[in-house]
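# Reading the structure
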Amino acid sequence: MAAEDLPLDAPPATPRGFRAVLGLCRPRQWVKNAFVLAPLVFAGALGRPGAVATACSALALFCLASSAVYVLNDLMDLPRDRAHPTKRHTRPLAAGTVAPWQGWWLLAALLAVVAAGATAMPAVGLALGGYVVLNVGYSFGLKHVPVVDLFCIAVGFVLRVWGGALALGVPLSSWMANTTLCLALYLAATKRRQELALTDGHGRAVLGDYSVPLLERFATVAATAAIVFYGLFTATVRPELALTMGLVIFGFFRYQLLVEQRAAGENPTEVVLHDGPLTAAVLVWAAAAVWIMTR
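My aim in this report is to walk through the structure given alongside it, one point at a time. (Residues numbered from 1 in each chain as written. Predicted model: local features only at pLDDT ≥ 70, side-chain atom pairs only at ≥ 80, totals over all residues. Heavy atoms only, no water.)

## What about the packing of helix H3 (residues 51–76) against helix H8 (residues 122–139)?
The criterion, for reference: Convention adopted: a line fitted to C-alpha atoms gives each axis, helices being fitted over their contacting stretch, and angles between N-to-C directions are expressed from 0 to 180 degrees. Each helix is a run of H or I in the DSSP string that is no shorter than four residues. Each strand is a run of E no shorter than two, and both are numbered from the N terminus. By definition in this entry, angles of less than 35 degrees are roughly parallel, angles greater than 145 are roughly antiparallel, angles of 65 to 115 are roughly perpendicular, and the rest are oblique. Should the near helix be turned counterclockwise from the far one by less than a right angle, the crossing is left-handed, whereas a clockwise turn marks it as right-handed. Note on contacts: a residue pair qualifies if any of its non-hydrogen atoms lie within 4.5 Å across the two residues. All amino acids are sorted into three groups, where Ala, Val, Leu, Ile, Met, Phe, Trp, Tyr, Cys and Pro are nonpolar, Asp, Glu, Lys and Arg are charged, and the leftover types, Gly among them, are polar.
H8 packs onto H3 with a crossing angle of 15 degrees between their chain directions and a minimal axis gap of 10 Å. In this view, H3 runs roughly parallel relative to H8, as classed from their interaxial angle. In this structure, H3 crosses over H8, and the sense of that crossing is right-handed. For the pair H3 and H8, contact is made by Ala58, Leu61, Phe62, Ala65, Ser66, Val69, Leu72, Asn73 and Met76 and by Val124, Ala127, Leu128, Tyr131, Val132, Asn135, Val136, Tyr138 and Ser139, respectively. When the residues that make up the contact of H3 with H8 are grouped by side-chain class, the tally is 14 nonpolar, four polar and no charged.

Spelled out as structure tokens, the structure:
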């Protein structure tokens, strides 16, 4: 990108070193890849020899792949991020602490490692390749198509779960896939809702096609469907998990409160990590699921 194409008030690109470049990988966002571990627990594979190591290897590959996606997205969104009220300070490229050439080199290195990992774990390669291709398409245009952008984000989470199932050689329950899809759609819709509310539609081009009430209706439908599908999963596949329904509903209620009353939700990961009651609910639900499934 030529220098004259950048905003006049864009900060100079001043490379800072390894730590600043590593910030492009967004390691705090790796928590999203915990979905890769879902089949380890819910398919009853936790007690199998080598299952934990295999699942963790798949998790590591998806962490590297997601980092590559973040780097590519930041490179493509650089002009917009420099005009964003918060991203211009928090994103290394937009803040000028990392030069674009460093981002391109990091992207190449990450993709090379992911390709090598997929070769070493061919069972995961299909889901991993699908995840990368989907997100390349997202970065190069799908994110500008309303509704399609939400489903791209959501399908990325389903591919994580599928990758975990492929790594372990266990079937992926349709209820689990649908629950994951709807949960991710809920998070994506609330994320767009907050972006629209906080930036007045200037943060992303696609926001001009949405309205806050419309995104709220999307979120309501997705949340309702996620709860129903999870309930059906517990009723038909894992009835012993029925006691965790209360924690799931509490999580949705708490998250919605944070979105509407405390202007949270633009960064779902930060919401989960920084709200005590929500963090506790997620941890208790995960611990209960592991305990129930290993009894």
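There's more to say after this.
## Describing the packing of aromatic side chains
Each aromatic ring pair is described using two quantities: the centre-to-centre distance and the angle formed by the ring planes. Note the threshold: Any Phe, Tyr or Trp ring, taking Trp's six-membered ring, that has another such ring centre within 6.5 Å forms a pair; planes under 30 degrees apart are called stacked, those over 60 apart edge-to-face, and the others tilted. Here, a charge over a ring means that NZ of Lys or CZ of Arg falls within 6 Å of the ring centre while also lying within 35 degrees of the ring normal.
For the structure shown, the criterion picks out nine aromatic pairs. Among the aromatic residues, ring-to-ring pairing joins Phe42, Tyr230, Phe233 and Trp285 into one connected group. The ring of Phe157 has Arg160 sitting right over it, with the charged end atom 4.5 Å from the ring centre.

## Here we look at the environment of Trp175
Relative to the elements of secondary structure, Trp175 occurs in helix H10 (residues 174–199). Along the backbone, Trp175 and Phe233 are 58 residues apart, and their C-alpha atoms lie at a distance of 5.3 Å.

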